[in-house]
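Chain by chain, the residues run as shown.
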Amino acid sequence: MKKAASIFLRSDVTKQDITHLSRWMERPEVTRYLNEHAHISHALDTMLWDVPEPLLGQRLSSGGKFSMISLRCGRPIGFLSLRRMDTPGDWEIVTAIGEPTLWGAGFGARALRLALQEAFYPRDTPVRRVFATIHHNNLRSMRLFLHAGFVHCGETGACARLSITQEQFFRKSL
């Protein structure tokens, strides 16, 4: 496995980012395990015309926080979303590297770690637990989240439900 280059999570979203997202959402190998509706690409294309560029990130972050996963040069390679759940302190995470040629290079692991650091620091954050719902056939994501410290906490149809608490994250980080 190649070592991942330096990345960062970027909350400002440009029209070019929406174009990348739309293109990724048209690729079956990218969306196979995502829970997005069939017309997400069209909805993103419509957003390009309906939402002024300075508000794109805010629109995608409604109910949580949306970030582009970007290389240090600024090139987007994926996205990450943290959304509030009904129980206070519980959040759900979804992440995807949209460029299949970059899969297996450590970018997802680095992005997940950055997102959990942002979610759980400082210790008095309102985020107590983060959940991920991962299809059983998505072995790459399953390994990623388990390696990051998530633990199996249930089943939802063909998916495993994984979670990590703030305390589990801090213990794993030491």
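Below you will find a few notes about this structure.

Thresholds, definitions, all that
Residues numbered from 1 in each chain as written. Predicted model: local features only at pLDDT ≥ 70, side-chain atom pairs only at ≥ 80, totals over all residues. Heavy atoms only, no water. Buried < 20%, exposed > 50% of the residue type's maximum accessible area, 1.4 Å probe, protein only. Helix = DSSP H or I, 4+ residues; strand = E, 2+ residues; numbered from the N terminus. Pairing = 2+ DSSP bridges. Axes fitted to C-alpha atoms, helices over the stretch in contact; angles between N-to-C directions. Contact = heavy atoms within 4.5 Å. Parallel < 35°, antiparallel > 145°, perpendicular 65-115°, else oblique. Left-handed = near helix turned anticlockwise from the far one by under 90°. Nonpolar A, V, L, I, M, F, W, Y, C, P; charged D, E, K, R; others polar. Arc of directions from axis to C-beta. Phe/Tyr/Trp six-rings, centres within 6.5 Å; stacked < 30°, edge-to-face > 60°.

1. Here's the deal with the pairing of strand 3 (residues 76-84)
Of all nine residues that make up strand 3, seven are buried, and the element is covered over most of its length. The pairing of strand 2 (residues 64-71) with strand 3 spans seven bridges and is classified as antiparallel. Residue pairing in the sheet places Ile69 in a bridge with Gly78 of strand 3. Hairpin geometry of strand 2 and strand 3 is characterised by an intervening segment of four residues between the two adjacent antiparallel strands and by a positive phi of about 100° at Gly74. Relative to strand 4 (residues 90-97), strand 3 runs antiparallel, the two being bridged by seven bridges. When the sheet's bridge partners are listed, Arg83 is paired in strand 4 with Glu92.

2. Quick look at the sheet that holds strand 3
For sheets, the rule is that strands pair by backbone hydrogen bonds, running either parallel or antiparallel. Reading across from one edge, 1-2-3-4-5-7-6 is the order of the seven strands in this open sheet, with mixed pairing throughout. Among the strands making up the open sheet, the edge pair consists of strand 1 (7-10) and strand 6 (151-156). The average undirected angle you get between the axes of adjacent strands in this sheet is 30°. Taken together, the five bridges between strand 6 and strand 7 (residues 159-165) define a ladder with antiparallel strand orientation. The residue bridging Thr156 from the neighbouring strand is Cys159, located in strand 7. Packing against the sheet, helix 1 (residues 15-25) makes contact with strand 1, strand 2 and strand 3, and its axis sits at approximately 90° to strand 3.

3. Considering the packing of helix 1 against helix 3 (residues 40-50)
Where helix 1 contacts helix 3, the two axes come as close as 8 Å, and the packing angle between them is 165°. On the basis of their axis angle, the class for helix 1 and helix 3 is roughly antiparallel. Relative to helix 3, helix 1 is oriented so that their crossing is left-handed. When helix 1 is examined against helix 3, the residues Lys15, Ile18, Thr19, Leu21, Ser22 and Met25 are found in contact with a partner set consisting of Ile40, Ser41, Leu44, Asp45, Met47 and Leu48. Residues of the contact of helix 1 with helix 3, tallied by class, amount to seven nonpolar, three polar and two charged.

4. Points about helix 6 (residues 139-147)
If you check which residues of helix 6 are buried, you get Met142, Leu144 and Phe145. With its buried residues spanning 165° around the axis, helix 6 presents them on a single face. What points out from helix 6, more than 90 degrees from its buried face, is the exposed set Leu139, Arg143 and His147. Looking at the packing, one finds that the buried side of helix 6 touches strand 4, helix 5 (107-120), strand 5 (129-135) and strand 7. Positive phi shows up at Gly149, right after helix 6, with a value of about 110°.

5. A closer look at the packing of aromatic side chains
Counted according to the given criterion, the structure contains six aromatic pairs. Linked through ring pairs, Phe120, Tyr121, Phe169 and Phe170 together constitute an aromatic cluster.

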